[in-house]
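In case you want the letters, here they are:
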Amino acid sequence: AMPGFRLRRIFLPAAPEATALAELTGSDGAVRYATLDPGSARVLASGSIWRFPMEAALQLHYRLMDGRLGLAIVLLNGLALLALAGSGLGFWWPGRKRALKSLAIRKSLPARARLRGWHRTGGVAVSLVILSSALSGVLLVVPDLAATPAAAAPAAPDRPSPAMIDGAVARAQKQFPAAGLRDIRFPPADRIDVNFLAPEHN
């Protein structure tokens with residue numbers, strides 16, 4: 001459907017009625033997507049990321065629709081959130097014995113003081129969620145930002161054949177015989193990465 005593009009990864013259907021999603025990249029770095037019928041492999045839709053709004057939302061959230069610059073901005077945002085939430089908790093912390101009592105908001109206080117109290121109590125309540133989200137985001141972004149930029153897509157003869165892909169998946173499946181496939185990735189290196197739905201193996 002898209003000659004000249006190299007398959008980068010394919011996400012298998014998450015539900016019986018769902019489709020597979022393929023991500024492809026060209027030698028100029030352009031990225032295209034295609035949805036596939038999991039039964040016949042027929043291409044149902046193809047095009048740029050704007051044809052697939054859910055994937056667009058994911059890429060906007062993860063890298064602001066931009067490569068390394070987007071990742072760097074997201075990393076800085078995560079670090080800023082860590083600094084804000086962490087310093088707020090540190091500024092508020094009254095000691096273990098007084099923690100719950102210090103969250104109370106007295107109704108007799110002036111409106112501005114009550115607003116400050118709501119800000120403090122609400123901030124404490126959501127700070128752990130913010131810290132968890134920011135820290136996990138930073139840990140996700142750093143390896144991708146530190147990785148060497150991908151080389152140009154190889155020529156067609158260097159692409160793995162269907163038989164090679166089937167053999168690689170079959171060998172990988174032997175390691176997790178009861179687990180379903182999540183996605184298959186084709187990095188620029190001469191290997192294939194197979195990810196399984198196997199939460200018991202983390």
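Data block above holds the structure.
(A) Highlighting the side chain of E23. Within the secondary structure layout, E23 lies in strand 2 (residues 20–26). For E23, the side chain forms a polar contact with the side chain of R8, separated by 2.2 Å. If near-sequence neighbours (up to four positions away) are discounted, E23 is found in contact with R6, L7, R8, R9, V31, R32 and Y33.

(B) Representation of the sheet that holds strand 2 in the model. Read across the sheet, six strands follow the order 4-3-2-1-5-6 without closing on themselves; strand pairing throughout is antiparallel. On the outer flanks of this sheet lie strand 4 (43–47) and strand 6 (193–197), each paired with one strand and no other. The sheet shows a mean angle of 25° between the axes of neighbouring strands, taken without regard to direction. Bridge count between strand 3 (residues 31–36) and strand 4: four bridges; the pairing is antiparallel. Within strand 4, the residue paired with L36 across the bridge is V43. Strands strand 5 (180–185) and strand 6 of the sheet are contacted by helix 4 (residues 162–175), whose axis makes an angle of about 40° with strand 6.

(C) How the structure looks around the side chain of E55. Relative to the helices and strands, E55 is located in helix 1 (residues 53–63). The side chain of E55 is buried and forms no salt bridge, while R9, the nearest opposite charge, is found at 4.0 Å. Sequence-distant contacts of E55, that is, excluding residues within four places in its chain, are made with R9, L21, Y33 and I49.

(D) Representation of the environment of D28 in the model. With respect to the helices and strands, the residue D28 is situated in the loop between strand 2 and strand 3. Owing to a relative accessible area of 66%, D28 belongs among the exposed residues under this scheme. Among the polar contacts made by the side chain of D28, one reaches the main-chain amide nitrogen of A30 at a distance of 3.1 Å.

(E) Inspection of the environment of I73 at higher detail. Residue placement: I73 occurs in helix 2 (residues 68–92). Judged by its relative accessible area of 40%, I73 falls in the partly exposed class.

(F) Here's a closer look at the packing of aromatic side chains. Under the criterion given, the structure shown has three aromatic pairs. Ring centres 5.6 Å apart and planes at 70° place the aromatic pair W92 and W93 in the edge-to-face group. Residue classification places W92 among the buried residues on the basis of a relative accessible area of 15%. Ring geometry for F176 against F196: centres 5.3 Å apart, planes inclined by 45°, an arrangement best described as tilted. Here F176, found in the loop between helix 4 and strand 5, pairs with F196, found in strand 6; they are 20 residues apart in sequence, far enough to count as distant. For F176, a relative accessible area of 27% gives the class partly exposed. With a relative accessible area of 14%, F196 lands in the buried category.

Parameters at a glance
- Residues numbered from 1 in each chain as written.
- Predicted model: local features only at pLDDT ≥ 70, side-chain atom pairs only at ≥ 80, totals over all residues.
- Heavy atoms only, no water.
- Helix = DSSP H or I, 4+ residues; strand = E, 2+ residues; numbered from the N terminus.
- Polar contact = N/O pair within 3.5 Å; in protein donor to acceptor, adjacent residues only side chain to side chain.
- Contact = heavy atoms within 4.5 Å.
- Pairing = 2+ DSSP bridges.
- Axes fitted to C-alpha atoms, helices over the stretch in contact; angles between N-to-C directions.
- Buried < 20%, exposed > 50% of the residue type's maximum accessible area, 1.4 Å probe, protein only.
- Lys, Arg positive; Asp, Glu negative; His and termini not counted.
- Salt bridge = Lys/Arg side-chain N within 4 Å of Asp/Glu carboxyl O.
- Phe/Tyr/Trp six-rings, centres within 6.5 Å; stacked < 30°, edge-to-face > 60°.

Structural measurements only, silent on function.
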